[in-house]
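# Topology and contacts: notes
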Protein chains: 2
Amino acid sequence: MLGLMQDWPLLCHRIIEHAATIHGTQEVVTRSVEGPIHRTNYRQIRDRALKVSQALERDGIKFGDRVATIAWNTWRHLEAWYGIMGIGAICHTVNPRLFPDQIGWIVNHAQDRMVLVDLTFLPVLEQLAAKLPSVERYIVLTDKAHMPETRLKNAVAYEDWIGAVDGDFAWKTFDENTAAAMCYTSGTTGDPKGVLYSHRSNVIHALLANSRDALGTSASDTMLPVVPLFHANSWGIAFSAPSMGTKLVMPGPKLDGASVYELLDTEKVTYTAGVPTVWLMLLNHMATHRLTLPHLKMVVCGGSAMPRSMIKAFLDIGVEVRHAWGMTEMSPLGTLAALKPPFTDLKGEQRLDILQTQGFPPYGVQMKITDDAGKTLPWDGKTFGRLKVSGPAISKAYYRVDTDILDQDGYFDTGDVATIDKDGYMRITDRSKDVIKSGGEWISSIDLENLAVGHPAVAEAAVIGIHHPKWDERPLLIVQLKPGQSASREDILRYMEGKIAKWWMPDDVAFVEGIPHTATGKILKTALRDQFKTYNFPTAAA
Amino acid sequence: MLGLMQDWPLLCHRIIEHAATIHGTQEVVTRSVEGPIHRTNYRQIRDRALKVSQALERDGIKFGDRVATIAWNTWRHLEAWYGIMGIGAICHTVNPRLFPDQIGWIVNHAQDRMVLVDLTFLPVLEQLAAKLPSVERYIVLTDKAHMPETRLKNAVAYEDWIGAVDGDFAWKTFDENTAAAMCYTSGTTGDPKGVLYSHRSNVIHALLANSRDALGTSASDTMLPVVPLFHANSWGIAFSAPSMGTKLVMPGPKLDGASVYELLDTEKVTYTAGVPTVWLMLLNHMATHRLTLPHLKMVVCGGSAMPRSMIKAFLDIGVEVRHAWGMTEMSPLGTLAALKPPFTDLKGEQRLDILQTQGFPPYGVQMKITDDAGKTLPWDGKTFGRLKVSGPAISKAYYRVDTDILDQDGYFDTGDVATIDKDGYMRITDRSKDVIKSGGEWISSIDLENLAVGHPAVAEAAVIGIHHPKWDERPLLIVQLKPGQSASREDILRYMEGKIAKWWMPDDVAFVEGIPHTATGKILKTALRDQFKTYNFPTAAA
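Presented here is an overview of the structure given in this document. No experiment lies behind these values; they were computed from the predicted model shown.

## Focus on the pairing of strand β6 (residues 137-140) of chain A
Residue and element names in this part refer to chain A. Burial along β6 is two-sided: R137 and I139 and Y138 and V140, pointing in opposite directions, are all buried. Where strand β5 (residues 114-117) and β6 come together, 4 bridges link them in parallel fashion. Within the sheet, the bridge partner assigned to L116 lies in β6 and is I139.

## What to know about the pattern of salt bridges
This model, assessed by the stated rule, comprises 81 salt bridges over all chains. A salt bridge links K396 of chain A to D7 of chain B; the shortest N-O distance between them is 3.2 Å. Here K396 of chain A is found in the loop between β17 (385-390) and β18 (412-420), whereas its partner D7 of chain B is found in the segment before α1 (13-22) on a different chain. E159 of chain B is the partner of R48 of chain B in a salt bridge, and the nearest nitrogen-oxygen pair spans 2.7 Å. Linking R48 of chain B in helix α2 (residues 42-58) with E159 of chain B in helix α6 (residues 158-163), this pair joins segments that are 111 residues apart in sequence.

## A word on the nonpolar core
Of all hydrophobic cores here, the largest spans 174 residues; its most connected members are L56, W161 and L248 of chain A together with L56, L116, W161 and L248 of chain B. Once residues within four sequence positions are removed from consideration, W161 of chain B is found in contact with V52, A55, L56, R58, D59, M114, L116, R137, I139 and V156 of chain B. One finds V226, C301 and F343 of chain A together with I22 of chain B within the second-largest nonpolar core, a separate group that totals 61 residues.

## A short note on helix α10 (residues 257-266) of chain A
An α-helical turn contains 3.6 residues, so a residue and the one three or four places further along point in the same direction. All names here are of chain A. Among the residues making up α10, those that are buried are G257, S259, V260, Y261, L263 and L264. Next to the buried residues of α10 lie β1 (27-31), β2 (37-41), β10 (222-225), β11 (247-250), β12 (271-274) and α11 (276-288). Of the residues that open α10, the one with a side-chain oxygen 3.3 Å from the backbone nitrogen of A258 is D256.

## Points about the packing of aromatic side chains
Here the structure, examined in full by the defined rule, presents 28 aromatic pairs over all chains. Here F343 of chain B and Y425 of chain B contribute two aromatic rings whose centre-to-centre distance is 5.6 Å and whose plane-to-plane angle is 75°, an arrangement assigned as edge-to-face. Within this pair, whereas F343 of chain B is found in the loop between β15 (333-336) and α13 (348-355), its partner Y425 of chain B is found in the loop between β18 (412-420) and β19 (426-431), the two being separated by 82 residues in sequence. Taken as a pair, F343 of chain B and Y425 of chain B share a single burial class, namely buried. Over the ring of F360 of chain A we find K340 of chain A; its NZ or CZ atom is 5.2 Å from the centre of that ring. Its end group placed over the ring of Y495 of chain B, K499 of chain B keeps NZ or CZ at 4.0 Å from the ring centre.

## Considering the relation of the copies chain A and chain B
Taken as rigid bodies, chain A and chain B are interconverted by a rotation of 180° and an axial shift of 0.0 Å, the fit giving an RMSD of 0.1 Å. Overall, the copies show the geometry of a two-fold rotation axis. Using C-alpha coordinates, one finds that chain A approaches the rotation axis most closely at S211 of chain A, a distance of 2.5 Å. Taken as a fraction of all interface residues of chain A, those also at the interface in chain B reach 100%, which identifies the copy contact as same-surface.

## Comments concerning the interface of chain A and chain B
How big an interface is tends to be expressed through the accessible area that disappears when the partners come together. With 81 residues of chain A at the contact, the number on the chain B side is 81 residues. Summing the contributions of chain A and of chain B, the shared interface buries around 6,100 Å²; its carbon and sulfur component is 60%. Together, M1, M5 and Y363 of chain A form the three largest contributors to the area buried by chain A at its contact with chain B, with a combined 17%. Counting the contacts that link chain A with chain B gives 6 salt bridges. The salt bridge partner of R200 of chain A is E176 of chain B, with a shortest N-O separation of 2.7 Å. Remark: the boundary between chain A and chain B carries 40 residue pairs in polar contact (both at pLDDT 80 or more). Looking at the side of chain A that touches chain B, the elements that each hand over two or more residues are α1 (13-22), β9 (193-198), α7 (199-209), α9 (237-244) and β17 of chain A.

## Quick notes on the sheet that holds strand β16 (residues 366-370) of chain B
All names here are of chain B. Judged by pairing direction, the sheet is antiparallel, and its 4 strands sit side by side in the order β16-β17-β18-β19 without closing on themselves. With one partner strand each, in any of the chains shown, β16 and β19 form the two edges of the open sheet. Taking each pair of neighbouring strands and ignoring which way they run, the sheet shows an average axis angle of 50°. Relative to strand β17 (residues 385-390), β16 runs antiparallel, the two being bridged by 5 bridges. Along β17, the bridge assignment pairs T370 with R386.

## So, unusual backbone geometry
The amide bond that connects S331 of chain A to the next residue, P332 of chain A, takes the cis arrangement and shows omega of 5°. With respect to the helices and strands, P332 of chain A occurs in the loop between β14 (320-326) and β15 (333-336). Of the consecutive residues P341 of chain B and P342 of chain B, the connecting peptide bond is found in the cis state with omega at 10°. Mapped onto the secondary structure, P342 of chain B falls in the loop between β15 and α13. Phi at D472 of chain A is positive, roughly 80°, even though this residue is not glycine.

## A closer look at the pairing of strand β19 (residues 426-431) of chain A
Residues and elements named next belong to chain A. Pairing analysis gives 5 bridges linking β18 to β19, with the strands arranged antiparallel. Note on β19: the bridge partner recorded for V417 is D430. The hairpin formed by β18 and β19 contains 5 residues between the paired strands, and G424 there has a positive phi angle of roughly 90°.

## Concerning the sheet that holds strand β8 (residues 179-185) of chain A
Residues and elements named next belong to chain A. One open sheet accounts for 7 strands, arranged β7-β6-β5-β3-β4-β8-β9; its pairing is mixed. Edge positions in the sheet fall to β7 (156-157) and β9, since each of these pairs with one other strand and no more. As judged from the 4 bridges shared by strand β3 (residues 66-70) and β5, these two strands associate in the parallel manner. Across the sheet, A68 pairs through a bridge with V115, a residue of β5. The strands touched by helix α3 (residues 75-85) within the sheet are β3, β4 (90-93), β5 and β8, with β4 carrying the most contacts at an inclination of about 145°.

## A few points about α9 of chain A
All names here are of chain A. Of all 8 residues making up α9, 8 are buried, and the element is well covered by its neighbours. Turning to α9, its buried residues are I237, A238, F239, S240, A241, P242, S243 and M244. Looking one or two places after α9, you find G245, whose phi comes out positive at around 75°.

## Some words on the packing of α2 of chain B against helix α3 (residues 75-85) of chain B
Residues and elements named next belong to chain B. Direction vectors running N to C along α2 and α3 enclose 55°, while the axes themselves pass 7 Å from each other. By the criterion of interaxial angle, the relationship of α2 to α3 is oblique. The two elements α2 and α3 cross, and the hand of that crossing is right-handed. In contact with I45, R48, A49, V52, S53 and L56 of α2, α3 contributes W75, R76, L78, E79, A80, Y82, G83 and I84. Of the residues that constitute the contact of α2 with α3, the class distribution is 9 nonpolar, 2 polar and 3 charged.

## A short note on the side chain of R386 of chain A
All names here are of chain A. Summarising the element assignment, R386 is placed in strand β17. A polar contact of 2.8 Å, which involves the side chain of R386, links it to the side chain of D372. Not counting residues up to four positions away in its chain, the partners in contact with R386 are K368, I369, T370, D371, D372, D413, D416, S432, K437 and W442.

Here is what the cut-offs are and how they apply
Residues numbered from 1 in each chain as written. Chains lettered and ligands numbered in written order. Predicted model: local features only at pLDDT ≥ 70, side-chain atom pairs only at ≥ 80, totals over all residues. Heavy atoms only, no water. Buried < 20%, exposed > 50% of the residue type's maximum accessible area, 1.4 Å probe, protein only. Helix = DSSP H or I, 4+ residues; strand = E, 2+ residues; numbered from the N terminus. Pairing = 2+ DSSP bridges. Salt bridge = Lys/Arg side-chain N within 4 Å of Asp/Glu carboxyl O. Core = buried A, V, L, I, M, F, W, Y, C linked by side-chain atoms within 4.5 Å. Contact = heavy atoms within 4.5 Å. Polar contact = N/O pair within 3.5 Å; in protein donor to acceptor, adjacent residues only side chain to side chain. Phe/Tyr/Trp six-rings, centres within 6.5 Å; stacked < 30°, edge-to-face > 60°. Lys NZ or Arg CZ within 6 Å of the ring centre and 35° of its normal. Least-squares fit on C-alpha atoms with pLDDT ≥ 70 in both. Buried area = accessible area lost by both parts, 1.4 Å probe. Axes fitted to C-alpha atoms, helices over the stretch in contact; angles between N-to-C directions. Parallel < 35°, antiparallel > 145°, perpendicular 65-115°, else oblique. Left-handed = near helix turned anticlockwise from the far one by under 90°. Nonpolar A, V, L, I, M, F, W, Y, C, P; charged D, E, K, R; others polar.

Laid out in structure tokens, this is it:
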């Protein structure tokens, strides 16, 4: 028997419509790409988003078409975002930090028909445009006064483009499972993979994000998403903040410590979210100039692990820290490290121990850890296994890729290796492709790297598994020394001894001039594996 | 084009599964019907709910069957709740405060196959049982030691019933639009009407309730729902609290000031929710005994309008107040009066002005006000009209009633008359069937009643519309004087004069010995209309 409740599809544009209707005068403040601070509100954003919808339709964009944005966090990006989704087209946020060839590959794979682009990224696009046959028109996110000469096909300034329509337009209504947005993940191996969000998944994710132990902002809060819209919907904030009527402060192109601080301070921001690199710059700027942020209540930190010292630095200035873990394929929130019973009253180092975990999931994210054969492992805080997840805002497939990516129970393999304790707190141990499989047991490459960089002469360390005739794999520690410093193989191994289980000890140490990185700053282990593919352990000779 | 996200249905039992998995040791504390305080946790509740599912299946209960509960807020009620829904049966919470005949009518209309009943309500059911042919078995929510002799068909003590199965059982998975729960509204006119919630609507409602400006509890909060499970899922708390891992304190049968205070105090409750009557008893108890509640952060108040003096009394003891409005047909949350910009810094009377409104809706509740012809009226805070609502957790029809209850845009008429201001705050003015339609304009019966009871001799006042040859309707004020007090028609009208628009003044005053009430304490205006159906205004003689 079916329930007798209304058939009311969960549609993304109903979020901005709600914000405009109930929180219409709530501000959205942006440091514009052109320079000045710009102020608007949810009512105006809704009105202009409807003009985007109307202009798209006038230009022949249809339900299901892909429209790309290559842009910073600004009010125009937000308008375009809702305008594209509001006619059932798909908002494809392209990461401008990728190598130009990757951007080209992605736009071609998505078959984007139109690109909305910030002034910053015009030069890159002009270089690429000849190789982007699907793109029929470029909209430059600026006004007539700032519009440069450009050879881009049918280029128009955004303000002229939406100025040419009257805004007499109504949102479309359709199935909530309709695709709404698209974001490619840039793995360290293989081609980028397109994650295709639905209206339903984005709305449900926003509702999860609004709960107190996730992002949990209210209509009287102010949120500054440093994390960009092109990183999985700015961790969902582009949906969650308007759904609550939370004031938004958009940082535009300037993400340095001084610029972020200025906005946090002058706009009395209460919540902010971003990666550790940003917070390091902010904390350094604040320490140098002896600054405070009395209005700031919480820093949400994700993207990569937050150093313990950084958590402590924020607590010391009276700011709560929420460590988060997720993936583009998870919309992206997976777990958040809120304090819950029995840990709420912990102080000092014990409190940091909990805050430094990846946290626990909200309702709507189910987790399990398994061994390589798919057998579920216990939640004892010690056993580590492949982390797999299931939920309404988690991918079941990639765009135009036929491979089935779920296991027999419908779980997605995150590629991470983790422990989960009895209270549901998850801790990432390694990436599953990096973990070293030695005699049927797993060794965490990350733990070894973290330990090795503690040696005073070591600038950076990477650990990879090398084939071993007896143990299958054994760890090789690759070290880049600090300039002018020296240390021997034995020095470093002696430093590590006793700090880890004996069978975790690297079988050898290799010294290199430089450790290779990806575009987003992660260690490029594929290149290291390539570099050391003919390497043999001295211990393996026998 | 459809998105590529997982097909993960929103199912109610996944809430208790999440609570058990992530917040398994979080407590659920109950003042039991038998007397003592009982302590359990979410893991045990999930385990026992699975036993309920298993026992129901063993007894032949199938997908879509109705299973009634007539019970207080206790851990056993919560287990039964999730156990019934977990096999796709429908949990029908019956309001034990209804007249026995109404209870009988409702059970027969729902065709309940089984009834789970608290010891308190055994006598009523024994009286009714002969007239309930659909009921095959009665489960008494107690253990062997407390099980009384009873003539009820196939009666068994709950603990014996679930003790007979081993708990080796898995939740069922099915379409999220499947009916999950059922609650009858007891109108003042006509037969009760059955609201049929779906799994989807209950889960979405829980997620809305979890946002900061709604209920917004966290895993480190403790919630005491005084509002019963049989009042629209205890305003959704039976779903929202477990979904967040919030500690639950269940008051069982004792809702007097002293008993509620004791639980709030000893269990360090941070959030509580209930009707004004309960808070009046609590505040009186606290004032008499000079008590405080230092842990209590928020009182959510709904069901009927919260008096201004009560809001102030809570603020004075340092407790935040959230005035809420909703309906059984809305799952039930419609609006909540959180403070938002530009009102966050208001103090004193101006702050009370906002806190006393019915509030603004969360995303997922759309409102409009219309005239009788369905024309949309402006949100100016003055114009009042019929309040209509739309959303994923709002009814589109009643159980076994063929009438279409939505307007052409899919909105449900709440039966309330309200204003909405430009900031989205809604204020209930009247019930639409009670508003007086005079010369094309509307007069609020409630405003007149509130004014009249200010006269020192008036115990209670009711206003009804009486046919008038010229104005269509004009207000008749019906007054019950305080014992031993006297006042004339002219005394009362003179008291009201100047405090309202002249054309709002009642055309006459009628004195009665007693004003009739419904089972839930509301003025029974149908009876008054009946009593005064032959009445003619002196002014209408010409």
